There are 2 protein chains.
Amino acid sequence: MIRINEHYTKLKASYLFADIARRVAAYQQAHPDKAVIRLGIGDVTEPLPPACIEALHAGTDELAHRETFHGYGPEQGYAFLREAIAAHDYAARGCDISADEVFVSDGSKCDCGNIQEIFSTDARLAIPDPVYPVYVDTNVMAGRTGSAADGRYEGITYLDCTPANGYVPALPAPGVVDLIYLCFPNNPTGAVAPREQLAAWVAYARENRAIILYDSAYESFIRDEKIPRSIYEIPGARDVAIEFRSFSKTAGFTGTRCAYTVIPKNLTALDASGKEHSLHALWNRRHTTKFNGVSYPVQRAAAAIYTDAGRRQTRALTDYYLGNAALIRAAMQKLGLPCVGGDNSPYIWVNTGRDSWEAFDRLLNDAQVVVTPGAGFGRCGENHIRISAFNSRENVETALERVAKAL
Amino acid sequence: MIRINEHYTKLKASYLFADIARRVAAYQQAHPDKAVIRLGIGDVTEPLPPACIEALHAGTDELAHRETFHGYGPEQGYAFLREAIAAHDYAARGCDISADEVFVSDGSKCDCGNIQEIFSTDARLAIPDPVYPVYVDTNVMAGRTGSAADGRYEGITYLDCTPANGYVPALPAPGVVDLIYLCFPNNPTGAVAPREQLAAWVAYARENRAIILYDSAYESFIRDEKIPRSIYEIPGARDVAIEFRSFSKTAGFTGTRCAYTVIPKNLTALDASGKEHSLHALWNRRHTTKFNGVSYPVQRAAAAIYTDAGRRQTRALTDYYLGNAALIRAAMQKLGLPCVGGDNSPYIWVNTGRDSWEAFDRLLNDAQVVVTPGAGFGRCGENHIRISAFNSRENVETALERVAKAL
């Protein structure tokens, strides 16, 4: 008699962004004449950089001829892409990461979701609140938590990010957590982590034999040169951290699909007898057994990001969104609403001081602007909304005018 | 203190095809002047159909302009692709499968590997021997088996496919298994399942409240119209079966990456209290939480397979490989080696009557031809090799001449 994985029944009814999509669709059906502007889900709107388009075409042409055809590639990604990543994203910033420590994948959502598989089911979790829901949900599915009560799962140490602590979570007590999820620039708060803050996390992980899962999907929006873009800029991080990166926001790849994960070869975790095992080897086994590599033309397009033209073009793209973010931030401040983010991040986290789904509904109904209700990211997200800078300048300007009138 | 998922330590040292790649690389390094022909790993060699190339270019051009840009798509795949699949692969063959029962993904390896997550960890497995290693390894990683002894994992009911039973496994005893992996046309044996055989499996699953995981990645090679191409051609299969399909072999997408999984909406499994849960809903939750959709231009290319031109071109492609398969099969028979497959399948399963890694090494060293040693697919694969028809006609002809001389 076949039975289900009952951990799934602990999950809340649906994924946050599916909820939002449903409400927006209902509004649009009721008001077909109103033009809705989406500053909710963090999805890019601007075209791919020309260098990437050119590489996608060239990669496609290679598939059209037997002599240049590509079938299965290495599951970990082609050397041309792994080497470009190691050189430009790490060596150039003084980080000691080699090409074969980079695992190319079709998305950070997959990597962030799958990484927990290589750890024991009784690993004790530290997860920020508010947070990208994937970190929590994938651990619930794997049975690493108890049931939910009052929006929180039993067995997770939540790292509260609140106005009171300036959205900077405190370190947990020594010895209480094994697996720590961190994301900087943060989704949803837009906060960045100064060097000393990251160094404190690395020190905690080293002292407590914990692993940091560092989501750095938004690093290309950092403009303040003092802010680390990689956790490997912190000495000692190679012994305790895995890093996730994505081309989704850097180069507009949300619909093109390419990302990567870095696992240093010296990183280990223990078995029950205390013996050390390489996490690089475990993840390599997982990656080669359950994944078959990223589409060849897409890997060519990702590599094009690292050419001179690609770097100029992606910089212009992130500058464009940061310009939107500055406008949004200024508009919120003008309305007297406290906010963080938006300077080194495409997200602005606004303290609206009212129920976040109510704020969501009000902005949708009165301004036809979609934002993300903070409560969808966790209990500490209540009374906040996340506004995304991913849209055209024109739409952002129109949205801000409408919001100013509605509030 | 962070600990690993210790189930990984039960796995054999490495993935089969990684082993083979290592031996071939060593041979090539020692004999740089010898041209090796690969009939081992089932990777296609012929270019993508022109209809797919055209669609990849057109999809890429859409990404170059704000007006036609595509960011995140539906995780389950675009409607244009899901509808084409439902119409051509199912409705046209009399199968009652709707577009929203189709989940598009980046590969069948991922889907076959991930599907076990939605079932309980104590589900009792039936897995053929020989078999595609992913079915076994992903269940080992999830803790659904005990340790390995003599090449078999404790807790799996192996379905032996041997010369004695014509490579057709017998049904298990009633009530002893919950989750049944089947693959037809089979990898590695190339055997197909006649209607009555599939009907017996469906009846077994219905009577024993089991679920069949039906891997149909090679269905486009079936030329005998009496052989079902989908398990949903069997009445009652909608209540007990999940089907996996891939464009990898149908249209040469091994490096382009697109596949799909069908889960009928009425399919259920139980919780501990005996309550039924929709497997479609569970998989949808898994798919939306851990996956972010297939690259947009790739989905356009997959949809092009279903145009008139695409259908003609993919038919020509599979005909070409089937022509190779017929040559291989005839050559083996001429050498007096019993074999199955190769008529409705791109694989020929040859009973060499000797240690399969020894046969592998002999063919590599004496004929510079790479095949797959049967033992890599399970204990019943011993004394067999799998020869793949995926190569150019010229290479296949050269390889067969060399093999005839060497043996």
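Calculation notes
- Residues numbered from 1 in each chain as written.
- Chains lettered and ligands numbered in written order.
- Predicted model: local features only at pLDDT ≥ 70, side-chain atom pairs only at ≥ 80, totals over all residues.
- Heavy atoms only, no water.
- UniProt positions renumbered as here; feature names shortened; annotations may be inferred.
- Core = buried A, V, L, I, M, F, W, Y, C linked by side-chain atoms within 4.5 Å.
- Buried < 20%, exposed > 50% of the residue type's maximum accessible area, 1.4 Å probe, protein only.
- Contact = heavy atoms within 4.5 Å.
- Helix = DSSP H or I, 4+ residues; strand = E, 2+ residues; numbered from the N terminus.
- 1 Å grid on protein atoms, 1.4 Å probe; cavity = no way out; pocket = protein on both sides within 12 Å on 5 of 7 lines; lining within 4 Å.
- Points joined across faces, edges and corners; volume = space filled by probe spheres on them.
- Nonpolar A, V, L, I, M, F, W, Y, C, P; charged D, E, K, R; others polar.
- Polar contact = N/O pair within 3.5 Å; in protein donor to acceptor, adjacent residues only side chain to side chain.

Identification of chain A as LL-diaminopimelate aminotransferase from Termitidicoccus mucosus is taken from an unreviewed UniProt entry. Under the UniProt heading Catalytic activity (unreviewed entry), the entry covering chain A gives this text: "(2S,6S)-2,6-diaminopimelate + 2-oxoglutarate = (S)-2,3,4,5-tetrahydrodipicolinate + L-glutamate + H2O + H(+)". For the record of chain A, the UniProt heading Pathway (unreviewed entry) holds the text "Amino-acid biosynthesis; L-lysine biosynthesis via DAP pathway; LL-2,6-diaminopimelate from (S)-tetrahydrodipicolinate (aminotransferase route): step 1/1."

Draft legend 1. Fine view of the nonpolar core. Core analysis: the largest hydrophobic core is formed by 145 residues, its most contacted members being Phe119, Leu279 and Met332 of chain A together with Phe119 and Leu279 of chain B. Every residue in contact with phenylalanine 119 of chain A, bar those within four places of it in the chain, is listed here: Arg144, Leu179, Ile211, Leu213, Ile242 and Leu279 of chain A together with Ile2, Arg3, Ile4 and Asn5 of chain B.

Draft legend 2. Spotlight on the environment of isoleucine 385 of chain B. Residue and element names in this part refer to chain B. Structurally, the position occupied by isoleucine 385 is in strand β17 (residues 384–388). Between the alpha carbons of isoleucine 385 and phenylalanine 360 there is a distance of 7.5 Å; along the sequence they are 25 residues apart. Apart from the residues lying within four places of it in its own chain, the contact partners of isoleucine 385 are Ile348, Trp349, Val350, Thr352, Ser356, Ala359, Leu363, Val371, Thr372, Pro373 and Gly374.

Draft legend 3. Fine view of the UniProt feature "domain: Aminotransferase class I/classII large" (unreviewed entry) in chain A. UniProt's feature table lists "domain: Aminotransferase class I/classII large" (unreviewed entry) at residues 36–403 of chain A, given in the numbering used throughout. This span, residues 36–403 of chain A, is 34% helix and 17% strand, and a straight line between its end C-alpha atoms measures 12 Å.

Draft legend 4. Quick peek at empty space enclosed by the protein. Under the counting rule described, the total for this entry stands at nine cavities of 30 Å³ or more. In this structure, the largest cavity occupies an estimated 190 Å³ of space. Around the largest cavity sit 20 residues that line it, and Cys110, Asn114 and Phe291 of chain A together with Cys110 and Asn114 of chain B are the ones nearest its centre. Contributions of two or more residues to the lining of the largest cavity are made by α4 (108–114) and α7 (279–290) of chain A together with α4 (108–114) and α7 (279–290) of chain B. When grouped by side-chain class, the residues that make up the lining of the largest cavity number six nonpolar, six polar and eight charged. Here the second largest cavity is characterised by a volume of approximately 90 Å³. Along its surface, the second largest cavity is lined by 14 residues, and Asp106 and Ser295 of chain A together with Asp106, Arg257 and Ser295 of chain B are the ones closest to its centre.

Draft legend 5. The arrangement of the side chain of threonine 138 of chain B in detail. Locating threonine 138 of chain B in the fold gives a position in helix α5 (residues 133–141). Judged by relative accessible area, which is 0%, threonine 138 of chain B ranks as buried. Within the structure, threonine 138 of chain B has its side chain in polar contact with the backbone oxygen of valine 134 of chain B (distance 2.8 Å). Reaching out from threonine 138 of chain B, the side chain makes a polar contact with the backbone oxygen of tyrosine 135 of chain B at a distance of 3.4 Å. In contact with threonine 138 of chain B, other than residues within four places in its own chain, are Thr289 and Lys290 of chain A together with Cys112, Gly113 and Gln116 of chain B.

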